[in-house]
Amino acid sequence: MSAVVQPGQLPGGPGPSAGAGTEGPGLSGLRLAVRRFRRNRLAVIGLAVVVLFFLFCFVGPLLYSTDQTHTALDHANLGPSAAHLLGTDAVGHDELGRLMYGGKVSLVVGLAAGVLATVIGTLWGAAAGYAGGWIDAVMMRVVDAGIAIPALFILLVISAITTPGVGGLILILGLVSWLVPSRLVRAETLTLKNRDYVHTLRAIGGSHTRAIGRHILPNSVSTVVVAATFQVADAILLVAYVSYLGLGLQPPKTDWGGMLSAGLSATYSGRWWLIVPPGLAVILVVCAFNAIGDGLRDAFDVRGRG
């Protein structure tokens, strides 16, 4: 008479595994990744910081309405008070409202540019890695040449030639930031294209496009997500760099880098509220995105799963 297999017991096994109830075999890969991410306290704190800043910048103006277009010179350079919680700048703009407005621009530009750079880099790297041979060599030499030129230098040259708006900044940042993601995805593709399921697809007549779209890219999603997180942080920093040097958005538009540039000279007069809040905002958001990226990298790393 054959033995009855009890729930949770593999045929021929000694019984329920000792790890049942922690990371059992019934959990999907995504649930495992979420569980591992939640265990990373620094990553969870980073996610909370990003969510709070998005609420601050997008919901805050609905609760704390200010005029960030017209000047009010009779209210210029006022210190923090009940009327202006973070004081005013040199033209009378409420600094707290301007922090929300500038943060909205910085977050939108950083997020959109990071996603654009990741999409371009993913497609380029997947195509290069899958094609191999001389095509891969030529495509990656283009990437190497681009990496050799500092992105900040390219941004400064472009900003000196033209004055980009929000859409222009997104496009420019996306076009100069896709190089690193492309190398990461290429390395992942070189490994995945030699898997049995890819060879089987090609053997039964599957196209190269189907192999990349149905197998290579979906199995590279962890690398892509982590790369996108770091690209957003880098894009926010690049926007701050360019605006700090006075080559970003022109008034009355601004971002956190522009606020730092405008408030730099005021710090010698003791008006700390013009530079400390935007500086802290840039530091906190960039560190938060980096912490999220580290947490996602650990969460998707199958070598670290128990």
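Look up a bit, the structure's there.
Everything in this summary refers to the structure shown in the same document. (Residues numbered from 1 in each chain as written. Predicted model: local features only at pLDDT ≥ 70, side-chain atom pairs only at ≥ 80, totals over all residues. Heavy atoms only, no water.)

Relative to the helices and strands, arginine 98 resides in helix 4 (residues 95-131). Arginine 98 sits in the buried class, given a relative accessible area of 7%. Here histidine 93 takes part through its side chain, which lies 3.5 Å from a polar atom of the side chain of arginine 98. If we skip the residues at most four places from it in the chain, arginine 98 touches Gln68, Asp89, His93, Pro252, Lys253, Thr254 and Met259. (Helix = DSSP H or I, 4+ residues; strand = E, 2+ residues; numbered from the N terminus. Buried < 20%, exposed > 50% of the residue type's maximum accessible area, 1.4 Å probe, protein only. Polar contact = N/O pair within 3.5 Å; in protein donor to acceptor, adjacent residues only side chain to side chain. Contact = heavy atoms within 4.5 Å.)

Let us now look at the nonpolar core. Core analysis: the biggest nonpolar cluster contains 26 residues, and Phe37, Ile236, Trp256, Val285 and Phe289 have the highest contact counts within it. At the level of elements, helix 1 (29-39), helix 2 (41-58), helix 4, helix 11 (221-244), helix 12 (256-263) and helix 13 (276-300) are the ones that each hand at least two residues to this core. The greatest single-element share of this core, amounting to 9 residues, is contributed by helix 13. Not counting residues within four places of it along the chain, the set of residues in contact with tryptophan 256 comprises Phe53, Cys57, Leu99, Gly102, Gly103, Ser106, Pro278, Ala281, Val282 and Val285. (Core = buried A, V, L, I, M, F, W, Y, C linked by side-chain atoms within 4.5 Å.)

Below, the discussion takes up the packing of helix 5 (residues 133-148) against helix 8 (residues 179-192). Taken N-terminus to C-terminus, the directions of helix 5 and helix 8 make an angle of 145°; their axes are 9 Å apart at the nearest point. Considering only the axes of helix 5 and helix 8, their crossing is left-handed. In contact with Asp136, Met140, Val143, Asp144, Gly146 and Ile147 of helix 5, helix 8 contributes Leu179, Ser182, Arg183 and Arg186. Taken together, the residues of the contact of helix 5 with helix 8 break down into 4 nonpolar, 2 polar and 4 charged. (Axes fitted to C-alpha atoms, helices over the stretch in contact; angles between N-to-C directions. Left-handed = near helix turned anticlockwise from the far one by under 90°. Nonpolar A, V, L, I, M, F, W, Y, C, P; charged D, E, K, R; others polar.)

Moving on, we get to helix 12. For helix 12, the tally of buried residues reaches 6 of 8 residues, placing the bulk of the element in the interior. Those residues of helix 12 that fall on the buried side of the exposure criterion are Trp256, Gly257, Gly258, Met259, Leu260 and Gly263. Elements that come into contact with the buried residues of helix 12 comprise helix 2, helix 4, helix 11 and helix 13. Looking at where helix 12 begins, the residue whose side-chain oxygen comes 2.8 Å from the main-chain nitrogen of glycine 257 is aspartate 255.

Throughout the structure, instances matching the rule amount to 5 salt bridges. Residue aspartate 89 is joined to arginine 98 by a salt bridge in which the shortest nitrogen-to-oxygen separation is 3.9 Å. Under the relative-accessibility criterion, aspartate 89 is labelled buried at 11%. Here aspartate 294 makes a salt bridge to arginine 297, at a shortest N to O gap of 2.9 Å. Taken as a pair, aspartate 294 and arginine 297 lie in helix 13 at a separation of 3 residues, close to a single helical turn. A residue is classified by how much of its surface remains accessible, and aspartate 294, at 29% relative accessible area, is partly exposed. The exposure class of arginine 297 is partly exposed, given its relative accessible area of 44%. (Salt bridge = Lys/Arg side-chain N within 4 Å of Asp/Glu carboxyl O.)

Applying the stated rule across the entire model yields 5 aromatic pairs. Ring geometry for phenylalanine 53 versus phenylalanine 56: centroids 6.5 Å apart, planes at 80°, classification edge-to-face. Pair noted here: phenylalanine 53 and phenylalanine 56 are both in helix 2, with a separation of 3 residues, about one helical turn. Between tryptophan 272 and tryptophan 273 the ring centres are 6.0 Å apart and the planes differ by 85°, which places this aromatic pair in the edge-to-face class. Within the aromatic cluster, the residues linked to one another by ring pairs are Phe53, Phe56 and Trp256. (Phe/Tyr/Trp six-rings, centres within 6.5 Å; stacked < 30°, edge-to-face > 60°.)

Structurally, the position occupied by methionine 139 is in helix 5. In this structure methionine 139 comes out as buried when scored by relative accessible area, which is 16%. For the pair methionine 139 and alanine 127, spaced 12 residues apart in sequence, the C-alpha to C-alpha distance is 9.0 Å. Ignoring anything within four residues of it in the chain, the contact list for methionine 139 reads Trp124, Ala127 and Ala128.

Another point: the environment of serine 106. On the secondary structure map, serine 106 appears in helix 4. Classification of serine 106 as buried rests on a relative accessible area of 3%. Setting aside chain neighbours within four positions, we find serine 106 in contact with Ile236, Asp255 and Trp256.

This part takes up the packing of helix 6 (residues 151-161) against helix 11. For the pair helix 6 and helix 11, the least separation of the axes is 10 Å and the interaxial angle reads 45°. On the basis of their axis angle, the class for helix 6 and helix 11 is oblique. By crossing handedness, the relation of helix 6 to helix 11 is classed as right-handed. Contacts from Leu152, Leu155 and Ser159 of helix 6 reach helix 11 at Leu238, Tyr241 and Val242. When the residues that make up the contact of helix 6 with helix 11 are grouped by side-chain class, the tally is 5 nonpolar, 1 polar and no charged. (Parallel < 35°, antiparallel > 145°, perpendicular 65-115°, else oblique.)

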